[in-house]
Structures are given as structure tokens and as C-alpha cells.
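One-letter residues, chain by chain:
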Amino acid sequence: MQLVNVRRTLRGSEPLGEIPPQKELIRNAVSMAWPSIVESFLIAFVGMVDTMMVGSLGSHAITAVGLCTQPKFIMYAFFMALGVAVSATVARRRGERDREGANRVLVQALLISIGVTILISITAFKFADPILRFAGSAPDTHAESVAYFQVLSIGLCFTSTTLIINAAQRGAGNTRLAMQTNMVSNLVNVFFNYLLIGGNFGFPRLEVKGAAIATVIGTACGFLMSLRSVSGSHGFLFLFDLHNLGFDKKTLRGLASVGSSTLAEQIFMRIGFLTYAKIVAGLGTTAFAAHQIGLNLLTLSFSLGDGLSTASIALVGRSLGSGRPDMAKIYGSVCQRMGFFFSVMVSIFFLSGNERIFRLFNDEPEVLQYSWIIIVTLCITVFAQISNVIFTGCLRAGGDTLYTAVVALISITIVRPLAGWVFCYPVGWGLAGAWVGLLVDQASRIAMTYPRFCSGRWTKISL
């Protein structure tokens, strides 16, 4: 049985060169994907552990941390967009065998990142109070949310730099480095969670604020490892090449081509997610705590698609850089088929665990009553979610970021909050309605990204 039908994938057009055997295609995709999958899974898993450890303080603590999620990602939006641009552009330079060009991308992206980090960090810290009030904090969660968010804003310098360096390494094909740095970062995070949330081994009991401090300490460790990875001149990426300190039009144009549309996409996404979160927050602390547990589980499934998306960006970018758009489409299809397999496995796992999984986070009966409807909706959603992430990664690698931004605007900014509100309040389904709105969003996205991927237009864009 073939994983990918090459002729069908290429829509009847002739290959531009030799097509590797199926086993080699799968081996290449797996070797590139597994470190990214492990990395993304660890990030999601540690996020779940964070929620579990904070959940020991009560549903109010889960809600306090959950309310910071979208403001936090708004704070990270610029750097995530820049990271996508760096990864796609470095992958293209790798395919062109242009090491100096790849290093220029890294250095100039970091210089831009440093300036923006200072501005965003100061703004987020100073305006944390009104930001969290706007996000929907209640009197029993506000003070803890503000303290958590302010600590994260202080640690933004480590987060932003690590994002850019790891993005460059992924684009160069070094997905293991990003996995290793995140593994260490997450282990350190969990260790200090244990020390600081509950006040163990003589450390102060800082509760929710302790979880934030643990996150920053873990990120700082990951930053040091990432910095070390680009400090040696023997690797493909070398940060301290003084020839690359100045800005040049070609590099900035490549970053802007992908990054500007990706930033718009990130902004549209965060507006939609924040609006959606505010809708759910209106249901009360208990419902939002259950919702946050469900989102943690959804993030766990997303991590598998995100890892495959990272692999597709590297493989697609390299294929396009070497003049093989046919191989770009083939590798995209291989990653999508692998994603479908993961979707099946994740759905089986969640359905078999059901309420037992929720109990790992919180055992309050008021929270557990929502477990079944969230799990069922999640198991349906995961199929569209993982495919969406992979198809979007391919489009970004090809530079078709304007289209992905439009998809985000329509589906996440408009469809998700609107559908969530309608099913949540006018229809009267409460939290179940909010999750139906999420499912509608994912369905609308797959209806837009799949035809675009099949068209192949994204393979013809220059970077």
C-alpha cells in the first residue's frame, strides 16, 4: 500500500527529476519530523504538567493561568511570525547552498528581535493590569493573573531569542537541537514548579507566581543552549560572523515577504482566540477551568501536527530552494498522511481515557461534568486540526503567507468567536456550544487550506 500516490499528488504533471522510493520519502520525513514532534509534544506535555501542578491549588488557579494564555501569545506574536520567516528563508538558503546568506538571516533577525523585545516587555509589564481585565479576569483570579503575566514579560528576552535561533536551526534541518533545548528547558521548568508552587525543600510557597518564575528559569536554560549551538564556526549557522552585522535588502525583503503576512496572521489569530476566550470566561470560573483543561489536551494533539509542520517547512523549503517544486508537494503529502495516522491514535487515546484524563488536572465534580462533551468534540476536531497545521506549514514554506493570513482572518478572527457565541448563548449550549464553535472554525480552515495546497500556486513564489 502506497502512503502517497505521486501522480495524483502532482495532479498529472510530470516529475522534474527522479522521485525517491516511498521508503526513502518516509525515512526523510520521519528523520526530520521526529525531533520536532518530540519537541512540540514536550512543550505541550509540560504545559499540561504546569496546569496539573497549578490545579492542586484549585480551579481558580487554573483559570488565573489560563486567562494569561492569549495575552501571552499576543506578546509572542511578533517573534513567532519572525521565526516562521527565519525558518522558511534559512531552509530556502540551505537548498541554495548559501551558508553566508543563511547566517545573514539569523543575525539580522536577532537584531530586529532585540529591539522589539525591549519595547514589548516594558509595555506588557506596565499594562498587565488592564490587559488581564480586558482578557476577562474575575475578582478571584485577577491578582494572580497579573503577577503571572508580569513575570513572563520579564522573561521575554530569553523566549524571543530562543524562538529565533531554534527557528533558524529548524530551517537548516537541525531539528534535534531545538528538541534538546526544549527538553532541558521543560525539565527545569517542572523541577522549579515543584519547588516554587508548593514551597518544597525550603523554597518559598509562591503558588501561581512560582509557576511563572519556573517557566522563566527553564526558558533561560534553553536560551543558553540555543546560543551555544550557533557559537561555533563549524556548523552551518554561525552567529558571530562580523560580516553579517549590517542589514541588506535581499535578507530584509525575504524576511518581510514571509514575516509581514505571518505577523498579520498571528494578530488575526490572537484577536480571535482572545475574543473566544472572553466568551468562555463569561460562563464562570468553573466552566473556564474545564475549558482550559480541554485546551491543554487539544494542544497535546496540536503538538503532533506542529512537529510535522516544522518538518514540512524544512523539507518543502529545501526542495523549492533546489528547484524541485514537485518534491515540495510530495513531502507535504507525506507529512499530511502521517498526520492522519496520528489523529487516529490521539482520538483512540482520548476516548479511552475520558474522565480519567480530566481527573489528572482537577477532581472537582463541577469541572468533571464537562469532560465527556469536550473529549468527544476534541476527537472529531483533531483530524482537521492536524491537517490544517501541516497544510499551513507548507504554504508558509512556499511564501504563500498572505493567503494563510486571510484564512486566519476569516476562520479564527470571525468564524470561531461568532460560532462560539451563537452556540454558547443564543442556542444555550454553554461550554459545549463554545467547543462546537471551535469545531466549526477547524472545518472552515480545512475547506480553505486543502484546495490551496492542491493547487500548487505556493510553489511558484520567490523568496
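Residues numbered from 1 in each chain as written. Predicted model: local features only at pLDDT ≥ 70, side-chain atom pairs only at ≥ 80, totals over all residues. Heavy atoms only, no water.

(A) Looking closely at the pattern of salt bridges. Summed over all chains, the structure comprises ten salt bridges. Between R93 and E96 there is a salt bridge; the shortest N-O distance is 3.4 Å. A relative accessible area of 3% means that R93 is categorised as buried. Judged by relative accessible area, E96 falls into the partly exposed class, the value being 37%. Through salt bridges with shared partners, a single ionic network connects R416, D441 and R445. (Salt bridge = Lys/Arg side-chain N within 4 Å of Asp/Glu carboxyl O. Buried < 20%, exposed > 50% of the residue type's maximum accessible area, 1.4 Å probe, protein only.)

(B) Highlighting the side chain of T162. On the secondary structure map, T162 appears in helix α8 (residues 156-171). Exposure remark for T162: the relative accessible area of 11% places this residue in the buried category. In terms of polar contacts, T162 uses its side chain to reach the backbone carbonyl oxygen of F158, at 2.7 Å. Apart from residues lying up to four places away in sequence, T162 is in contact with T219, G222, F223 and S226. (Helix = DSSP H or I, 4+ residues; strand = E, 2+ residues; numbered from the N terminus. Polar contact = N/O pair within 3.5 Å; in protein donor to acceptor, adjacent residues only side chain to side chain. Contact = heavy atoms within 4.5 Å.)

(C) Structural view of the nonpolar core. Y148, L297, F350 and F358 are the most contacted members of the largest nonpolar core, which has 71 residues in total. A per-element tally of this core places helix α12 (residues 285-321) first, with eleven residues. Ignoring sequence-local partners within four residues, the contact set of F358 consists of A290, I293, G294, L297, V367, L368, S371, I374 and I375. (Core = buried A, V, L, I, M, F, W, Y, C linked by side-chain atoms within 4.5 Å.)

(D) Representation of the packing of helix α4 (residues 69-95) against α8 in the model. Running from N to C, α4 and α8 cross one another at 20 degrees; their axes reach a closest spacing of 7 Å. Taken together, the axes of α4 and α8 are roughly parallel relative to one another. For the pair α4 and α8, the sense of crossing is right-handed. Of α8, the residues touching α4 (which contributes M75, Y76, F79, M80, L82, G83, V86, S87, V90, A91 and R94) are L156, T159, S160, L163, I164, A167, A168, R170 and G171. When the residues that make up the contact of α4 with α8 are grouped by side-chain class, the tally is 13 nonpolar, five polar and two charged. (Axes fitted to C-alpha atoms, helices over the stretch in contact; angles between N-to-C directions. Parallel < 35°, antiparallel > 145°, perpendicular 65-115°, else oblique. Left-handed = near helix turned anticlockwise from the far one by under 90°. Nonpolar A, V, L, I, M, F, W, Y, C, P; charged D, E, K, R; others polar.)

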